[in-house]
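So the chains spell out like this:
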Amino acid sequence: QVQLVESGGGLVQAGGSLRLSCVASGNTFSYYAAGWFRQAPGKEREFVATIGWSGNTIYYADFVKGRFTISRDDAKNTVYLQMNSLKPEDTAVYYCAARGGMYGTSLIPKDYNYWGQGTQVTVSA
């Protein structure tokens, strides 16, 4: 079992930056692949970025490539999402997710076993 708690969301102007953090507690987090997803009002949850349990495999959604960076610090049981050059269309609730069993990364929400409560990111024009 893993519990995930996100933080770092907030209100920022377009072009600004935020860094989201996801702290895990419970089992050894280093054996879990992790991902960030987001959900805007009236829309389905969508993939943003994922990082493998070894940290060597990383994928991004096309709409964040070059702007967002996912990373992990297993000594701190934390996954980060650095978001730069934010746009109003990035406004959403951002969720951290973890996938156990030493499985690899996935872009599909249903492949993840554990989810945080979400953190709101609002980008003003």
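Note that this is a predicted model, so its numbers are computed, not measured.

### A few points about the pairing of strand S3 (residues 18-26)
Then step 1. By the bridge criterion, six bridges tie strand S1 (residues 2-7) to S3 in an arrangement that is antiparallel. Bridge pairing in S3 places Leu-4 opposite Ala-24.
Then step 2. With six bridges connecting them, S3 and strand S8 (residues 78-83) associate as antiparallel partners. For Leu-18, the partnering residue across the bridge sits in S8 and is Met-83.

### Structural notes on the pattern of salt bridges
Then step 1. In the structure shown here, the tally under the stated rule is six salt bridges.
Then step 2. One salt bridge connects Asp-111 with Lys-110, and the closest N-O pair in it is separated by 3.8 Å.
Then step 3. Taken together, the salt bridges that share partners define one network made up of Arg-38, Glu-46, Arg-67 and Asp-90.

Criteria and thresholds
- Residues numbered from 1 in each chain as written.
- Predicted model: local features only at pLDDT ≥ 70, side-chain atom pairs only at ≥ 80, totals over all residues.
- Heavy atoms only, no water.
- Pairing = 2+ DSSP bridges.
- Helix = DSSP H or I, 4+ residues; strand = E, 2+ residues; numbered from the N terminus.
- Salt bridge = Lys/Arg side-chain N within 4 Å of Asp/Glu carboxyl O.

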